[in-house]
Amino acid sequence: MFVSMETSIGVQEPPPGEAVHSTARLWASAAAVAALGARVLFDAHPGLNWPLWTGAAAAGLIARHRHKRADSSANPVLLLGIAATTIAGAAAVTASNRLHAVIFASVLVLLAMQMLLSVDPSWSRITARFAGTAPPVALFHAVLCALRRAVEATEHIRSTRARAWIRGLALTIPVSIVFALLLAEADPTLARWRDAIDAIVSHWAFLPRVVFFTALLGLVVGAYGYALTAPTTASSSVTREPARWLGATERVMLLGAVTALLWLFLALQVGYLFGSLPRMAATDMTFAEYARRGFGELTIVASASAVLILLSERYGQRDRHAPMARVLALALVVADLLVLSSAFHRVMLYEAAYGFTTARLYAQAYMLIVAAALALLALEVARGLDTGRLFRRTATVAVVLFVGLLYWNHESWIAHRNIERFASTGQLDVAYLTGELSADAVSAIVNALTLLPEPTRTELRTAVQRRYATHPLPARERWFEWNRSRVRAKASF
């Protein structure tokens, strides 16, 4: 069942005494995380900095969650933080800009979910709707909570002790600066510090970094402050029975027609569904060309069939026809799995004929996820559909496969396989290897040059050098910008 939107979940503020006691620690920890982000993220290449900051931000949410609940060691808040940090760590492994964008989006969703669940951790709350709306909902609550915490901080200034601290800082800081400037004229170390500070402040780059720090500080304060709020007594995971508008007869007819159509297709394909015939009967089309025209459509049909089963189970009426609908749904799942197997095999045939690309590899990864989702859907149909449970299990499979794809240098593998194919096919797409693949593949390309004869070897080497002469890799990187693929690529030249 889908749970209610996060915006419908009310929160209760902690007692005033507790709020006052935690304000200083809240702002100090948020400022530390924001300062780390301003140091390692602002105007920096993706690398070690991404997992460093993500881990620090996630750890702060986990710490506040555990501080509020001593028995919260095993819950989604901890696991989501680990997952976000693990995915962010791939930014130090791959140099692909496309993968960096996917990593950023994935970490954003996971951190948003971690923040929202920190108030009321429950696996049942993690549904497709919850995950899809988590970033905007979390941003709304973070901004609202940051404004509330800022108002609370200004209220503390009214106390006698707080005013004394502010007056003391107002007197101490200017006097200390004046004395430090005077002493810098007599000490070379202080003079270097003075010059370094002057160089930072005198450049306009200092202002954008301050703005970046301020924005991060507001978001982190809001997220950490939200984690310290208490849930209302009303349950946040109330489930509602969906309106079952799909009649039993219509449901059986729809599932029966689609199931019969897919099984008819499989029967017509039985002669060459999984074969590797060089040519199809009565046509002039090679099997690889046929595969190219079919695997996308087969994947779409299998995905759409899974959605159809899901909708029929969720909104279909339950009566004496329910057992028949369940049998048809299971038969449709089996047909979908066979269709996916055929599509997967067609991609393999197409790769053997035309080479390996990231798009074809991603299509195969997607097929594996759909196959896993279909198998999990069959279990749900047999035992009674729980859409939240189905989403969590499917998402877990997708995350594991995604992490494996991120940490496995698949672009390097693709480049090496394409170069190996040259010995048997005499064909090599130099433009793709040097134009579409990122720096992840450079080391593999350079190391495999010895497998190529002249003049192909020189052509490929020249193309690589031309690309990175036009779009050079960063010549000098700070320690937190370390990236395995960029290091290996630069070492290959």
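Residues numbered from 1 in each chain as written. Predicted model: local features only at pLDDT ≥ 70, side-chain atom pairs only at ≥ 80, totals over all residues. Heavy atoms only, no water.

As for the overall build of the protein chain
Then, in step 1: Across its full length, the protein chain carries 18 helices and two strands.
Then, in step 2: A burial count over the protein chain gives 43% of its 493 residues as buried.
Then, in step 3: Summing over all exposed atoms, the protein chain offers an accessible surface of approximately 25,600 Å²; the carbon and sulfur share of this is 68%. (Helix = DSSP H or I, 4+ residues; strand = E, 2+ residues; numbered from the N terminus. Buried < 20%, exposed > 50% of the residue type's maximum accessible area, 1.4 Å probe, protein only. Areas by Shrake-Rupley, 256 points an atom, 1.4 Å probe, with all protein chains shown as cover.)

Thoughts on the pattern of salt bridges
Then, in step 1: Under the counting rule described, the total for this entry stands at six salt bridges.
Then, in step 2: Here arginine 486 makes a salt bridge to glutamate 477, at a shortest N to O gap of 2.6 Å.
Then, in step 3: With a shortest N-O distance of 3.1 Å, arginine 478 and glutamate 481 are connected by a salt bridge.
Then, in step 4: Bridged by salt links that share partners, the residues Glu477, Arg486 and Lys490 form one connected network. (Salt bridge = Lys/Arg side-chain N within 4 Å of Asp/Glu carboxyl O.)

Side note on the packing of aromatic side chains
Then, in step 1: The full count for this structure, using the stated rule, is five aromatic pairs.
Then, in step 2: Relative to tyrosine 354, the ring of tyrosine 350 lies with its centre 4.6 Å away and its plane at 55°, an arrangement referred to as tilted. One end of the pair is tyrosine 350 and the other is tyrosine 354, both in helix H11 (residues 322-354) and four residues apart, which spans about a single turn.
Then, in step 3: Classification of tyrosine 350 by relative accessible area gives buried; the value is 9%.
Then, in step 4: Since its relative accessible area comes to 37%, tyrosine 354 is described here as partly exposed.
Then, in step 5: Considering the side-chain rings of tryptophan 408 and tryptophan 413, the 5.6 Å spacing of their centres and the 55° angle between planes classify their relative orientation as tilted.
Then, in step 6: Through a chain of ring-to-ring contacts, the aromatic side chains of Phe356, Trp408 and Trp413 assemble into a single cluster. (Phe/Tyr/Trp six-rings, centres within 6.5 Å; stacked < 30°, edge-to-face > 60°.)

Some words on a nonpolar patch on the surface
Then, in step 1: Together, Leu48, Leu52, Trp479, Trp482 and Val487 make up a nonpolar patch on the protein surface, roughly 470 Å² of accessible area in all.
Then, in step 2: Topologically, tryptophan 479 is positioned in the loop between helix H17 (456-470) and helix H18 (484-492).
Then, in step 3: Assessed through its relative accessible area of 58%, tryptophan 479 is described here as exposed. (Patch = residues over 30% accessible without salt bridge, like charges linked within 9 Å, V, L, I, M, F, W, Y side chains within 5 Å.)

A word on the nonpolar core
Then, in step 1: Counting residues in hydrophobic clusters, the biggest one holds 48 residues, and the most contacted among them are Ile87 and Tyr224.
Then, in step 2: Listed by contribution, the elements that provide at least two residues to this core are helix H1 (16-40), helix H2 (49-68), helix H3 (76-89), helix H4 (97-117), helix H5 (128-156), helix H8 (206-227) and helix H13 (387-407).
Then, in step 3: In terms of residue count, the dominant contributor to this core is H4 (ten residues).
Then, in step 4: When neighbours within four sequence positions are excluded, tyrosine 224 is seen to be in contact with Leu26, Ser29, Ala30, Val33, Ala56, Ala57, Gly60, Leu61 and Arg64.
Then, in step 5: Leu255, Leu298, Ala302 and Leu374 belong to the second largest nonpolar core, which has 29 residues in total. (Core = buried A, V, L, I, M, F, W, Y, C linked by side-chain atoms within 4.5 Å. Contact = heavy atoms within 4.5 Å.)

Regarding H17
Along an α-helix, residues three or four apart share an orientation, since each turn contains 3.6 residues.
Then, in step 1: Between the first and last C-alpha of H17 there are 21 Å, a value that for 15 residues agrees with the 21 Å anticipated at 1.5 Å per step.
Then, in step 2: If you check which residues of H17 are buried, you get Thr456, Leu460, Ala463, Val464 and Tyr468. End-on view of H17: buried residues confined to an arc of 115°, all on one side of the axis. Exposed residues pointing more than 90 degrees away from the buried face of H17 are listed as Arg466, Ala469 and Thr470. (Expected span 1.5 Å × (residues − 1). Arc of directions from axis to C-beta.)

Concerning the confidence of the model for the protein chain
Then, in step 1: The predicted model of the protein chain averages 81 in pLDDT, with 80% of residues at 70 or higher.
Then, in step 2: Note that residues 233-237 has pLDDT below 50 and, in this model, eight contacts with residues that lie over four places away or in other chains.
Then, in step 3: Ignoring residues within four places in sequence, the model shows residues 276-283, a span with pLDDT below 50, making twelve contacts including any to other chains. (pLDDT = per-residue confidence, 0-100.)

Focus: the environment of serine 303
Then, in step 1: In this fold, serine 303 is placed in helix H10 (residues 287-315).
Then, in step 2: With 68 residues separating them in the primary sequence, serine 303 and alanine 371 have C-alpha atoms 9.1 Å apart.
Then, in step 3: Setting aside chain neighbours within four positions, we find serine 303 in contact with Tyr366 and Val370.
Then, in step 4: Within the structure, serine 303 has its side chain in polar contact with the backbone oxygen of threonine 299 (distance 2.9 Å).
Then, in step 5: Polar contacts involving the side chain of serine 303 include one to the side chain of tyrosine 366, which spans 2.8 Å. (Polar contact = N/O pair within 3.5 Å; in protein donor to acceptor, adjacent residues only side chain to side chain.)

Things to note about the packing of H11 against helix H12 (residues 358-383)
When two helices pack together, their arrangement is given by the angle between their axes and by how far apart the axes lie.
Then, in step 1: Following both chains from N to C, one finds H11 and H12 inclined at 165°, their axes separated by 10 Å at the closest point. Looking at the two axes, H11 sits roughly antiparallel to H12. Crossing angle aside, the handedness with which H11 passes H12 is left-handed.
Then, in step 2: When grouped by side-chain class, the residues that make up the contact of H11 with H12 number 20 nonpolar, one polar and four charged. (Axes fitted to C-alpha atoms, helices over the stretch in contact; angles between N-to-C directions. Parallel < 35°, antiparallel > 145°, perpendicular 65-115°, else oblique. Left-handed = near helix turned anticlockwise from the far one by under 90°. Nonpolar A, V, L, I, M, F, W, Y, C, P; charged D, E, K, R; others polar.)

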